[in-house]
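Examination of the molecular architecture
Given next are the chains, with one letter for each unit.
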Amino acid sequence: MNIQYFLLLGLLFAVLLVETASKNGKKQKNKDKLVCFRKLKKNGKCSGIVRKRSFTSPEACCSRRGHGFAWKKEKLRKNRFRCTPCNTLMSSKKDHDMQILTKLKPIKGRKYVDFTTRMTFPENQRPPVIRGTFPTEDPNAPKIEWGPWSPCSSTCGAGWRSRYKVCDNCDMNDYENAKVEPCVVNFWCPQDGNWGPWFPWQPCTQSCEGGTRIRQRKCNYPPPAYGGQNCPGQGKNNQTCNEKSCPVDGSWSDWSDFLDCSVTCGHGTMMKRRRCDSPAPANGGRNCHGPSTFTKKCDRPRCPQDGGWSLWGTWRACAVTCGEGMRQRYRSCDSPKPMYGGKDCDGSPVEQMPCSGGRPCPVDGGWSPWTNFGFCRALQRCQTGFQVRSRTCTNPRPLHGGKQCPGQQYERVKCFNDKDCPKNGSWCEWGKWSTCSATCQINTALRVRERECRCPVPENGGAGCEGEAVEVKGCARLPECDVITKAKVRDNVDDDDDSDSSGAGFTND
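Residues numbered from 1 in each chain as written. Predicted model: local features only at pLDDT ≥ 70, side-chain atom pairs only at ≥ 80, totals over all residues. Heavy atoms only, no water.

With respect to the pattern of salt bridges
Rules: For this document, the term salt bridge refers to a Lys or Arg side-chain nitrogen within 4 Å of an Asp or Glu carboxyl oxygen. A helix here means a DSSP run of H or I that spans at least four residues, while a strand means a run of E at least two residues long, and both kinds are numbered starting from the N terminus. Whether a residue is buried, partly exposed or exposed follows from its accessible area with a 1.4 Å probe, protein chains only, as a fraction of its type maximum: under 20%, in between, or over 50%, in that order.
Applying the stated criterion across every chain, the model contains 7 salt bridges. For Glu411, the salt bridge goes to Arg389, with nearest N and O atoms at 2.6 Å. Note that Glu411 is positioned in strand E18 (residues 410-417) and Arg389 in strand E17 (residues 383-390), a separation of 22 residues in sequence. For Glu471, the salt bridge identified is with Arg449, shortest N-O distance 2.8 Å. Note that Glu471 is positioned in strand E20 (residues 470-474) and Arg449 in strand E19 (residues 446-450), a separation of 22 residues in sequence. With a relative accessible area of 21%, Arg449 lands in the partly exposed category.

Quick notes on the packing of aromatic side chains
The criterion, for reference: Between the rings of Phe, Tyr and Trp (Trp by its six-membered ring), a pair exists once the centres lie within 6.5 Å; its type follows the angle of the planes, with under 30 degrees stacked, over 60 edge-to-face, and the other angles tilted. Both a distance and an angle decide whether a charge sits over a ring: NZ of Lys or CZ of Arg must be within 6 Å of the ring centre and within 35 degrees of the ring normal.
Scanning all chains against the criterion turns up 2 aromatic pairs. In this arrangement the basic side chain of Lys296 is found over the ring face of Phe258, its NZ or CZ atom lying 4.4 Å from the centre.

What about the state of the cysteines?
Quick note on the threshold: Any two cysteine sulfur atoms within 2.5 Å of one another count as a disulfide.
Tallied over the full model, the rule gives 20 disulfides. One disulfide in the model links Cys261 with Cys298; its S-S distance is 1.9 Å. Here Cys261 and Cys298 share a disulfide; its torsion about the S-S bond, 80 degrees, makes the bridge right-handed. On the criterion of sequence distance, the pair formed by Cys261 in the loop between strand E12 (236-241) and strand E13 (266-273) and Cys298 in strand E14 (residues 293-300) is long-range, its members being 37 residues apart. Note on accessibility: Cys261 and Cys298 belong to one class, buried. Paired through a disulfide, Cys318 and Cys355 show a sulfur-sulfur distance of 1.9 Å. Around the S-S axis, the bridge from Cys318 to Cys355 shows a dihedral of about 75 degrees and counts as right-handed. Taken together, the positions of Cys318 in the loop between E14 and strand E15 (324-330) and Cys355 in strand E16 (residues 350-356) put the pair 37 residues apart, joining distant regions of the chain.

Shown next, in the form of structure tokens:
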């Protein structure tokens, strides 16, 4: 029976929640689109509309970035609108929960007890007056021993607790062997505070060389309530800013002296300078205003003027009336003329190109070189005959009416047919003298030279060469020999007395 009662109680809660949601839904349809504000001002005013998201309920607005809402945008002044703060929504929700508990009605035929005494609250909070009853046990029923109640399932607010029959063979899963009832501990749960978003940074105290800036945040997202803890940490944050160096504007230095003229002759310019370094711009400072250079004209003596060619004249007539020739054209070194020591024009004043006379020129014939003489033409050997050589008129051939070659094409000379004829021999030239046989002046100091009989060699029974093939000659202009050298030479002469000196010519210088 107890389980059925609690099921009925749960169904009653569900019906009440459905009716409340239905009423709120109907009201929502009749209202305009919800407007959500980021900032909450004093006296029910808000600013900063959240535009990137649409909201269908105040809870959706306040659970995100919103701090106030309105069903219709009502502008009071610039960036100020009438709104309902989100903290009033939280209070109204708690009141609504209390109204649900007080609307519970007892069931007919049941006995109830007041459970208000089971609620505990902090000392500084007054408990709400809640009247509600739950059924008690039938006094006529058999006495049943129950175990102790379990702790409440919630440490704050509403929860459930249970207990079981004390028996040996009881099925603890049977609903008749268990009791369950609601319980409330500290009806208002402590709510710890949470930091809201940081406000934008305030302006830096310095524009350069280092300053500080501050930003703040509030402990209102949500604020601490019902004994909850404050937000941990600081609500103010300092930060260094603009640490860069201050900008320095540039300033010009003094003008320098004028530089040399830009030319060594004629008209030119000369310039002076200044620099943007007194001081130089730094850290984003402005550059110096005005030009960094100043220029004025300067004159020097006249410059040498080099000569320049004029345009080419027309081509002259071809120098030939036939065949290939050359024609010419001319130009002058007067554009301009060389003056004041300037150079003459480079190149030639004349230009040539091949030309044609319109017809081929006559080409006279020319003889080719003579061929070699042929063999000697004689009736018998060892008799006189003749030899023949020839040439042709092909170097060049006569063309275009040119003349033939003058002279004879063939030439004949006398010759002697010496084939198989007896031919006498003749001496060739003498060879070189040999070195002297001694190094000092003695009677046996000699030198030798030779020749051969082969210029020509005797052939076909011809006579040989007349005279000696070897010539011996004494040495002259040698130094005197000493006594020992003469003795050695005398011994050598005695050994050579038996040698034959015939067949060799001997002369003494």
